[in-house]
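Structure at a glance
These are the residues of each chain, in order.
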Amino acid sequence: MRGSRRIIFFPRIGKFSIRTARTPSKDGHVFISHFIVAVFISLDCGAEPSYFDNNDIFWLPDDLYVTGGETRKAPGTTSRPMSTLRVFPTRKKNCYSIDVTKGERLLVRASFFYGNYDGKSLPPIFDLQIDENHFYVSMYFVEMSKLDTTEKRSLVVSINNEKRGEVAIVPPCQNAIEVVIDNLRGSANTSIALVAIPDSTLPPIISAIEIYAISNSGGTGFVAKNLYKLQEWNGDPCLPTNFTWDWVACNSDEVPRITALGLNLYGPLPDFSVLDALETIDMLNNSLNGGTPDFLGSLPNLKELNIAGKDFNGPIPSSITKNTKLRLK
């Protein structure tokens, strides 16, 4: 079974889990010189054509693995892989997609060289993320029998040997409490442990645990698989929170849902009625043809629809014109 891993570059300010965020350069550009992955694909960003270096490493141009960006020359180096780079002057995030075998361990080695390619002496600083599996974990604790005065049970949750939570968990007698860990990054080596604190006289217990995989629900999967092909976007439309696709807005649910679309499409409009959390759709001056889709008036939460300058044929459906909750432009 094949899958896809994405290496994402964020030219914005923010901090998410293990990523470190700092201020980018004034022009907001992000660059990468080259990186190597454990599936033995060596990409030279901005290079053309492919070549063998002095160590017999075969380097490929990166243009088949990324959409967007601009290539530049980096002066001041004798290293051929470092002599070119790719600049990302637009978008909140830019992704490299590489096919790998599901469950396979990955080693990514990245090297960066600014080289003052733009003559501004302002090296950009950016976030680097490898797309991973995300989970939502709920644990339940209950003490079934009343403890005597000499007994005490207190514990903490440890994930990958790191304590989670500031307060120790004391299971109440015959009354369960729930402990939730949001947006956990998981892998085959992820460990969850219950650890007794030093003054506990009894070992840890747990009554139940639920583990949910955070998937592309709420319509994000549909958008990622369908609409992005028309606009050359990839990655998750809504995550991380501060780095959504530029033309979508998402809510703050634990599994985010798309609430606004600013489309730039051509041809027939695809049916995206699965996006039932949508509140705003902007299709101003799109190059669309065919009839105005009836599903647009059936979206339960839609409040504003802009189809000005559209090329739809025929009348606008009554599901839209008679929808008193909908503002039509």
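Since this is a predicted model, take the numbers as computed values, not measurements. (Residues numbered from 1 in each chain as written. Predicted model: local features only at pLDDT ≥ 70, side-chain atom pairs only at ≥ 80, totals over all residues. Heavy atoms only, no water.)

1. Section: the overall build of the chain
For the chain, the helix and strand inventory stands at two helices and 24 strands. Buried residues in the chain amount to 41% of all 329 residues. Intrachain contacts of the chain at a sequence separation of at least 6 include 61% that bridge at least 24 residues. Accessible surface, the chain: about 18,000 Å² in total, of which carbon and sulfur atoms supply 50%. (Helix = DSSP H or I, 4+ residues; strand = E, 2+ residues; numbered from the N terminus. Buried < 20%, exposed > 50% of the residue type's maximum accessible area, 1.4 Å probe, protein only. Contact = heavy atoms within 4.5 Å. Areas by Shrake-Rupley, 256 points an atom, 1.4 Å probe, with all protein chains shown as cover.)

2. Section: the sheet that holds strand S19 (residues 258-262)
Two strands in a sheet stick together by hydrogen bonds in their backbones, pointing the same way (parallel) or opposite ways (antiparallel). If you walk across this open sheet you meet the five strands as S18-S19-S21-S23-S24, and the pairing is mixed. In the strand order of this sheet, the two ends are held by strand S18 (248-250) and strand S24 (327-328), each with one partner. Summarising the sheet, strand S23 (residues 304-306) and S24 pair through two bridges and their orientation is parallel. In the sheet register, Glu-304 faces S24, and the bridge partner there is Arg-327. (Pairing = 2+ DSSP bridges.)

3. Some remarks on the sheet that holds strand S16 (residues 192-196)
One open sheet accounts for three strands, arranged S14-S13-S16; its pairing is antiparallel. Two strands close off the open sheet at either side, each with one partner strand: strand S14 (162-169) and S16. Strand-to-strand twist across the sheet, computed as the mean angle between neighbouring axes with direction ignored, equals 25°. (Axes fitted to C-alpha atoms, helices over the stretch in contact; angles between N-to-C directions.)

4. A short note on the pairing of S19
Buried residues dominate S19, accounting for four of its five residues. Sheet topology note: the S19/strand S21 (residues 280-282) ladder contains three bridges and is parallel. Across the sheet, the residue bridging to Leu-261 is Ile-281, located in S21.

5. Observations concerning unusual backbone geometry
Across residues other than glycine, the phi torsion is negative in most instances, and most of the peptide bonds are trans. Cis geometry is found at the peptide bond from Glu-48 to Pro-49, where omega equals 0°. Relative to the assigned elements, Pro-49 resides in the loop between strand S4 (41-44) and strand S5 (51-52). In this structure, Asn-160 is a non-glycine residue whose phi angle is positive, near 55°. Within the secondary structure, Asn-160 is located in the loop between strand S13 (155-159) and S14. Overall, the relative accessible area of 36% leaves Asn-160 in the partly exposed class.

6. Quick look at the nonpolar core
Counting residues in each nonpolar core, the largest one holds 22 residues, and the members touching the most others are Leu-261, Phe-272, Leu-278, Ile-281, Leu-296 and Leu-305. Residues Phe-141, Leu-155, Ile-169 and Leu-184 belong to the second largest nonpolar core, which totals nine residues. (Core = buried A, V, L, I, M, F, W, Y, C linked by side-chain atoms within 4.5 Å.)

7. Let's talk about a nonpolar patch on the surface
Side chains of Ile-192, Ile-206, Ile-209 and Ile-211 sit close together on the surface and give an oily, nonpolar patch of about 330 Å² of accessible area. Residue position: Ile-206 is located in the loop between S16 and strand S17 (208-213). (Patch = residues over 30% accessible without salt bridge, like charges linked within 9 Å, V, L, I, M, F, W, Y side chains within 5 Å. Salt bridge = Lys/Arg side-chain N within 4 Å of Asp/Glu carboxyl O.)

8. Considerations on the pattern of salt bridges
When charged atoms on two side chains of opposite charge get close, those side chains can pair. Within the structure shown, the criterion is met by six salt bridges. The partner of Arg-72 in a salt bridge is Glu-70, and the shortest N-O contact between them spans 2.6 Å. Residue Arg-72 is classed as partly exposed on the basis of its relative accessible area of 32%. Looking at Glu-70, the relative accessible area reads 34%, which means it is partly exposed. Residues Asp-199 and Lys-152 are paired through a salt bridge, measuring 2.7 Å at the closest nitrogen-oxygen approach. Of this pair, Asp-199 sits in the loop between S16 and S17 while Lys-152 sits in the loop between strand S12 (133-141) and S13, and the two are 47 residues apart along the sequence. Using a relative accessible area of 35% as the deciding quantity, one classes Lys-152 as partly exposed.

9. Observations concerning the side chain of Arg-86
Looking at the element boundaries, Arg-86 is found in strand S8 (residues 84-88). A distance of 2.7 Å separates the side chain of Arg-86 from the side chain of Asp-62, its partner in a polar contact. (Polar contact = N/O pair within 3.5 Å; in protein donor to acceptor, adjacent residues only side chain to side chain.)

10. Notes on the packing of aromatic side chains
Tallied over the entire structure, the rule returns four aromatic pairs. Summarising the aromatic geometry, the rings of Phe-52 and Phe-58 are spaced 4.9 Å apart at their centres and angled 45° between planes, so their arrangement reads as tilted. Residue Phe-58 is classed as partly exposed on the basis of its relative accessible area, which comes to 37%. Measuring from ring centre to ring centre gives 5.6 Å for Tyr-114 and Tyr-117, while their planes differ by 85°; the resulting arrangement is edge-to-face. Pair check on accessibility: Tyr-114 and Tyr-117 agree, each one buried. Over the aromatic face of Tyr-51 sits the side chain of Arg-80, whose NZ or CZ is 3.6 Å from the ring centroid. (Phe/Tyr/Trp six-rings, centres within 6.5 Å; stacked < 30°, edge-to-face > 60°. Lys NZ or Arg CZ within 6 Å of the ring centre and 35° of its normal.)

11. Considering the confidence of the model for the chain
Here the chain averages 75 in pLDDT, while 74% of its residues score no lower than 70. The model gives residues 1-32 a pLDDT under 50, and that stretch makes 127 contacts with residues more than four places away or in other chains. (pLDDT = per-residue confidence, 0-100.)

12. Focus: the environment of Val-87
Structurally, Val-87 can be placed in strand S8. Note: C-alpha distance between Val-87 and Gly-46 (41 residues apart in sequence) is 8.7 Å.

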